[in-house]
Amino acid sequence: MTDQTDARWDLWGPLADRYRPVRPRRILALDGGGIRGMISLGVLRQLERKLAERTGRGADFRLSEFFDLVGGTSTGAIIAAALARRMSVEEISSFYRDFGSTAFSRRKLWMRWQTLYGDGELAETLRDTFGADTDLSPENLGCLLVVVTRNATTDSAWPISSNPFAKYNAPERPDCNLRIPLWQLVRASTAAPVYFPPEVVSWDPHDPDKSFAFVDGGTTSYNNPAFLLFRMAVAPAYHLGWPTGERNLLVVSVGTGSAPVLGATAEDPDTNVASAAINTLSALMSQASVDQDINCRMIGRCTYGGVLDRELHDLLPADPGFDDEAVSLEEDLGKSFLYSRYNAELTPAGLEELGLAHLDATEVRKMDAVDRVGDLEEIGVAVGERVDLAHLGPFVDD
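Residues numbered from 1 in each chain as written. Predicted model: local features only at pLDDT ≥ 70, side-chain atom pairs only at ≥ 80, totals over all residues. Heavy atoms only, no water.

1. Some thoughts on the confidence of the model for the chain
Okay, step 1: Confidence in the prediction of the chain, expressed as mean pLDDT, is 86, and 84% of residues score 70 or more.
Okay, step 2: Low pLDDT, under 50, characterises residues 107-119; the stretch is placed with 17 contacts to residues that sit more than four places away or in other chains. (pLDDT = per-residue confidence, 0-100. Contact = heavy atoms within 4.5 Å.)

2. Observations concerning the pattern of salt bridges
Okay, step 1: A complete count under the given rule lists 21 salt bridges for this structure.
Okay, step 2: One salt bridge in this structure joins aspartate 68 and arginine 23, with 3.1 Å as the shortest N-O distance. Of this pair, aspartate 68 sits in the loop between helix H3 (63-66) and strand E2 (69-73) while arginine 23 sits in the loop between helix H1 (16-19) and strand E1 (25-30); the two residues are 45 residues apart in sequence, bridging distant segments of the chain.
Okay, step 3: For aspartate 68, a relative accessible area of 0% puts it in the buried group.
Okay, step 4: We classify arginine 23 as partly exposed; its relative accessible area is 26%.
Okay, step 5: For aspartate 397, the salt bridge goes to arginine 54, with nearest N and O atoms at 2.9 Å. Here aspartate 397 is found in the segment after helix H13 (373-384), whereas its partner arginine 54 is found in helix H2 (residues 37-55), with 343 residues between them in sequence.
Okay, step 6: Looking at aspartate 397, the relative accessible area reads 59%, which means it is exposed.
Okay, step 7: Here arginine 54 falls in the partly exposed class, since its relative accessible area comes to 45%.
Okay, step 8: The network of salt bridges with shared partners includes Arg18, Arg23, Arg25 and Asp68. (Salt bridge = Lys/Arg side-chain N within 4 Å of Asp/Glu carboxyl O. Helix = DSSP H or I, 4+ residues; strand = E, 2+ residues; numbered from the N terminus. Buried < 20%, exposed > 50% of the residue type's maximum accessible area, 1.4 Å probe, protein only.)

Right, dumping it as C-alpha cells:
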C-alpha cells in the first residue's frame, strides 16, 4: 500500500483518516440476480441489526461503517451503491419494493427502443435515488465501492472502483473513473439483455473513442464478485495492498439464490435451439458463480456456507479428531482471509430445508418475478436467520 505519509492521501478527502491506518479490513460482495436481490436484503437486514446491537449504535448504524469495501454486480450493484451512500437496509428494501417493477420487468422490443432514445423511468429513478451529480469521489461515499459491469464495445468485464489510488482514477486523467455519475454506472451494471438496452457512457466527453456501450455485469464471470473483490483489495496492480491473513481480511458474500435449471436428459437429449441457448447461458452464469465461491473457500477460510457438491461438500475446515466439528477460529490455519457465504437454493428441496415448502420454486427463481416480492422476502428472512456474528470471527470486535 502507498506509504502512510504519502501526500496522495489527500485524494481520499474525508475518507483518508479511515483508510490511512494499516488495520484489519472487511469486504462485502453482493451477487446479481434481478428482483431476487430481495433475498440479499433479508440477509443484510439481519447482519445490520446484529452489528447495530453489538456496536450499540442502534438505528444510526450503517453497514458502510463496518465494511471497508462493498461491491456488487447488477442488482448487487444497486444495493452496494445504496449502502456506500449510507442508506439503511430498510431504506433500500423500501426502495426495492417500489423500484422492482420498473427495474426487473421484462420489456417488449418497442419499450426497449423507447428507453434507448429517452431517459427512461429506470434512469430517472436512479438519478433521483443517488443524485444526478453524485460521482465516485470520496466525499460522496461512506466506504469504498466497486460496481461490476461489462463493456460490450471492448467485450470485457469492467469492475469500476472508487479507490483513489487505482490507475484509472488518477485525477489528472481526462477519463478518470471517479467523475462518472454513480447512477449511470449502476444503470450500466443492470442493463440486462431483454430487459434494457445497453447504457452508453462517455468516459471522456472530448474523445469520441472513449464512449462505450455497457451491459449487465451478470453477463461476465463475476455475477458473484467475491473473489474479484478480494483480488482488487490485495493485488499490487490496484494499489490498495491490504494485508492478507485470517486476522487481517474478512470477505462476506451474499447471494440472490442459486437456481439450477434441469435441461436435456439421457433419455431425451435433443432440445430446440432457443431452449439450448437459454439453458447454456444460465448454466454458464451459475457455474461461474459457484467457481467464485469455491475459489474463496479454497484460498480463504470458510466459516459458513452451504454444500457445494457431494465431493467438495462445504469446504469448512473440520477437526479430523472430532468428525465434522469445525476447527476453532482461535486457531489460525494460514488462509488468506475469513469467508462467509449466505445464499439460498431455490429448488423444492432447498426451500423445504428453509421451512418454505409452500413456495413455488419455479416462480421464485425467475429474475423478473416482480409479483413474487413477498415470497422473496420470506426467503430472505429465512436465510437471514442463519447469520451469526460468530462467523465473522475477530472482525466483529476489532
